[in-house]
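In case you want the letters, here they are:
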Amino acid sequence: QPVAVVNCGCYTSLAGVLAKAAPFYATRGYAYVMVWNDGPIEEVADRIFHRWAADAAAIADWLEEQAWCDGRVGAHGVSLLGSTAYALV
């Protein structure tokens, strides 16, 4: 199954908004994976450019271990939340 990844960053307040996109992807055969960056909001926001490659690699490694993931992974997001999409490229 292909996967659509969306990075919620450290903004748990966006979870409800981003979760609304899940049915769009699910009805098209995608698993919709929402990811939060670990750590306090100040650290995540201030160090995002230092950690985004490692965070994206950790997400990709985790997805590779999942039996339901067929290796096709896409990501979306804007601004800070688009860092995972950019780093996965």
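(A) Here's a closer look at the overall build of the protein. The helix and strand inventory of the protein stands at four helices and three strands. Starting at the N terminus and walking to the C terminus, you meet the elements of the protein as β-α-α-β-α-β-α. Buried residues in the protein amount to 35% of all 89 residues. Looking at the protein alone, contacts between residues at least 24 apart form 75% of all its contacts between residues at least 6 apart. Put simply, the protein shows about 5,400 Å² of open surface, and 58% of that area lies on carbon and sulfur atoms.

(B) Structural detail: the environment of M34. Among the secondary structure elements, M34 is positioned in strand 2 (residues 31–36). Relative accessible area serves as the criterion here: at 21%, M34 is assigned to the partly exposed category.

(C) Layout of the packing of aromatic side chains. For the structure shown, the criterion picks out four aromatic pairs. Between the aromatic rings of Y25 and Y32, the centroid separation amounts to 5.3 Å while the plane-to-plane angle is 20°, which identifies the pairing as stacked. In this structure, Y25 and Y32 share a single accessibility class: buried. Here the aromatic residues F24, Y25, Y30 and Y32 are joined through ring pairs into a cluster of three or more. For R28, the ring lying beneath its charged end belongs to F24, and the centroid distance is 3.8 Å.

(D) Highlighting the environment of G77. For G77, the location among the structural elements is in the loop between strand 3 (73–76) and helix 4 (83–88). Exposure remark for G77: the relative accessible area of 34% places this residue in the partly exposed category. Along the backbone, G77 and V6 are 71 residues apart, and their C-alpha atoms lie at a distance of 6.2 Å.

Calculation notes
Residues numbered from 1 in each chain as written. Predicted model: local features only at pLDDT ≥ 70, side-chain atom pairs only at ≥ 80, totals over all residues. Heavy atoms only, no water. Helix = DSSP H or I, 4+ residues; strand = E, 2+ residues; numbered from the N terminus. Buried < 20%, exposed > 50% of the residue type's maximum accessible area, 1.4 Å probe, protein only. Contact = heavy atoms within 4.5 Å. Areas by Shrake-Rupley, 256 points an atom, 1.4 Å probe, with all protein chains shown as cover. Phe/Tyr/Trp six-rings, centres within 6.5 Å; stacked < 30°, edge-to-face > 60°. Lys NZ or Arg CZ within 6 Å of the ring centre and 35° of its normal.

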